[in-house]
Amino acid sequence: MEYNQLGNSDLKVSEICLGTMTYGRQNTIEEAHQQLDYAINQGINFIDAAEMYPVPPSEETYGLTETYIGEWLKHQQRDKLIIATKIAGPGRGFKWLRGGAEGIERNNIKQAIDDSLARLQTDYIDLYQIHWPDRYVPRFGQTVFDPRQVKETVPIAEQLEVFADVIKAGKIRYVGLSNETPWGLVQFSQAAKQLGLPKVASIQNAYNLLNRVFDGALAETVYYENIPLLAYSPLGFGYLTGKYLNGKPEKTRVTLFENFGQRYLKPNVQEAVAAYVEIAKRHQLSPAQLAIAFVRSRWFVASTIIGATTLEQL
């Protein structure tokens with residue numbers, strides 16, 4: 001396993017990160033712990049979670065992923081691991097999440113961190129990420145910005161001020177962003193520089209052979225700001241394995257959860273996947289090997305987040 005420096009932080013993360021968003025929905029606690037043990041034994045030191053996991057999110061399963069990890073983490077050597085989790089942003093209508101209070105503001109941030117610490121059974125979180133921005137942005141497969149949806153939002157400097165206090169208290173070590181835009185990255189960076197606030201350590205966005213939006217303005221931004229990508233969905237919801245070319249296999253996310261993964265139900269996806277599968281065959285690779293190797297090869301990727309529902313897949 002190789003390890004990469006995470007931006008300007010002192011974190012050295014394994015180039016493969018274990019994603020955990022199926023724990024509590026598609027994985028039992030026993031299966032989750034088997035995966036965690038196996039991943040650590042392969043050299044992974046980086047585990048990514050979120051308060052809203054597992055997905056699809058629901059009131060009944062809220063926080064289960066962190067709870068499963070916490071039951072495992074309490075038996076580990078904590079300082080050998082890098083634990084990342086996230087606070088959910090507004091705009092999804094989760095009325096069951098802190099009574100519907102979703103803004104990235106002081107009370108919510110502090111409550112969310114304390115709740116995650118309790119579920120994870122740890123004293124600190126290495127990388128604490130904003131799951132999606134407080135402000136309106138196109139999300140999860142949307143690509144067109146609509147000015148009519150712009151709403152009042154918590155100023156970015158205010159968000160960073162709270163994180164500065166929480167870092168000072170020792171509850172988190174670094175701040176990260178997720179599902180963020182070039183404009184947002186620059187605003188966070190400028191606020192940090194001008195006001196002496198915590199610099200963002202990373203950005204976690206989707207990136208794969210079917211979604212290369214990051215290659216443009218985002219890549220330029222992270223180059224100049226030294227904010228590396230934590231790439232999620234390297235297999236494009238499993239489409240890049242080729243398993244959906246001939247229908248929908250049982251017990252897969254796309255089959256189990258209606259409307260889940262719609263961001264990949266777009267023109268030419270199946271044709272592109274078929275072409276990638278052929279390229280993989282030509283070079284004696286599995287489609288999954290090709291897809292993950294592509295993401296790992298990008299200069300801006302510090303770690304590739306993989307997720308699995310079975311130990312065999314992992």
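Structural notes, computed from the coordinates. (Residues numbered from 1 in each chain as written. Predicted model: local features only at pLDDT ≥ 70, side-chain atom pairs only at ≥ 80, totals over all residues. Heavy atoms only, no water.)

1. Comments concerning the overall build of the protein chain
A tally of helices and strands in the protein chain yields 9 helices and 10 strands. Here the protein chain has a C-alpha radius of gyration of 19 Å; the compact-globule value for 314 residues is 20 Å, and the two agree. Projected onto the principal axes, the alpha-carbon positions of the protein chain cover approximately 55 × 45 × 40 Å. Among the 314 residues that make up the protein chain, the fraction classed as buried is 53%. Residue pairs in contact within the protein chain that sit at least 24 positions apart in sequence constitute 75% of those at least 6 positions apart. In the structure as shown, the protein chain presents an accessible area of about 14600 Å², 49% of it carried by carbon and sulfur atoms. Of the side chains in the protein chain, 32 bear a positive and 34 a negative charge, and the two mean positions are spaced by 3 Å. (Helix = DSSP H or I, 4+ residues; strand = E, 2+ residues; numbered from the N terminus. Rg over C-alpha atoms; globule rule 2.2 N^0.38 Å. Buried < 20%, exposed > 50% of the residue type's maximum accessible area, 1.4 Å probe, protein only. Contact = heavy atoms within 4.5 Å. Areas by Shrake-Rupley, 256 points an atom, 1.4 Å probe, with all protein chains shown as cover. Lys, Arg positive; Asp, Glu negative; His and termini not counted. Charge placed at Lys NZ, Arg CZ, Asp CG, Glu CD.)

2. A short note on the pairing of strand β10 (residues 301–306)
Among the 6 residues that make up β10, 6 are buried, leaving the element largely enclosed by the rest of the structure. Two elements, strand β3 (residues 16–19) and β10, share 3 bridges in a ladder whose sense is parallel. In the strand pairing of β10, Cys17 is matched with Ile305. Relative to β10, strand β9 (residues 229–232) runs parallel, the two sharing 3 bridges. Looking across to β10, one finds that Leu229 is bridged to Val301. (Pairing = 2+ DSSP bridges.)

3. Describing the pattern of salt bridges
Tallied over the full model, the rule gives 14 salt bridges. The closest approach of N and O atoms between Asp48 and Lys86, which form a salt bridge, is 2.7 Å. Of this pair, Asp48 sits in strand β4 (residues 46–48) while Lys86 sits in strand β5 (residues 82–87); the two residues are 38 residues apart in sequence, bridging distant segments of the chain. By the burial criterion, Asp48 is buried, and Lys86 matches it. (Salt bridge = Lys/Arg side-chain N within 4 Å of Asp/Glu carboxyl O.)

4. Considering the packing of aromatic side chains
Following the criterion strictly, the structure yields 12 aromatic pairs and no others. The structure contains a cluster of three or more aromatic residues connected by ring pairs, namely Tyr207, Phe214, Tyr223, Tyr224, Phe294, Trp299 and Phe300. Sitting over the face of the ring of Tyr124, Arg78 holds its NZ or CZ atom 4.0 Å from the ring centroid. (Phe/Tyr/Trp six-rings, centres within 6.5 Å; stacked < 30°, edge-to-face > 60°. Lys NZ or Arg CZ within 6 Å of the ring centre and 35° of its normal.)

5. Observations regarding the sheet that holds β10
The strand order β3-β4-β5-β6-β7-β8-β9-β10 describes a closed barrel built from 8 strands, whose pairing is parallel. The mean inter-strand angle of the sheet, taken between neighbouring strand axes irrespective of direction, is 30 degrees. Across 5 bridges, strand β6 (residues 125–130) lies against strand β7 (residues 172–178) in parallel orientation. Its bridge partner being in β7, Ile130 is matched across the sheet by Leu177. Each of β6 and β7 touches helix α4 (residues 156–168); the most contacted strand, β7, lies at about 150 degrees to it. (Axes fitted to C-alpha atoms, helices over the stretch in contact; angles between N-to-C directions.)

6. Here's the deal with the environment of Leu311
You can see Leu311 is positioned in the segment after β10. Remark: the alpha-carbon pair of Leu311 and Leu36, spanning 275 residues in sequence, is separated by 9.8 Å. Apart from residues no more than four positions distant in its own chain, Leu311 is found in contact with Gln34, Gln35 and Tyr38.

7. Overview of the environment of Asp37
Along the polypeptide, Asp37 turns up in helix α1 (residues 29–41). Asp37 sits 39 residues away from Gln76 along the chain, and the two C-alpha atoms are 9.8 Å apart. When sequence neighbours within four positions are dropped, the list of residues in contact with Asp37 reads Trp72 and Gln76.

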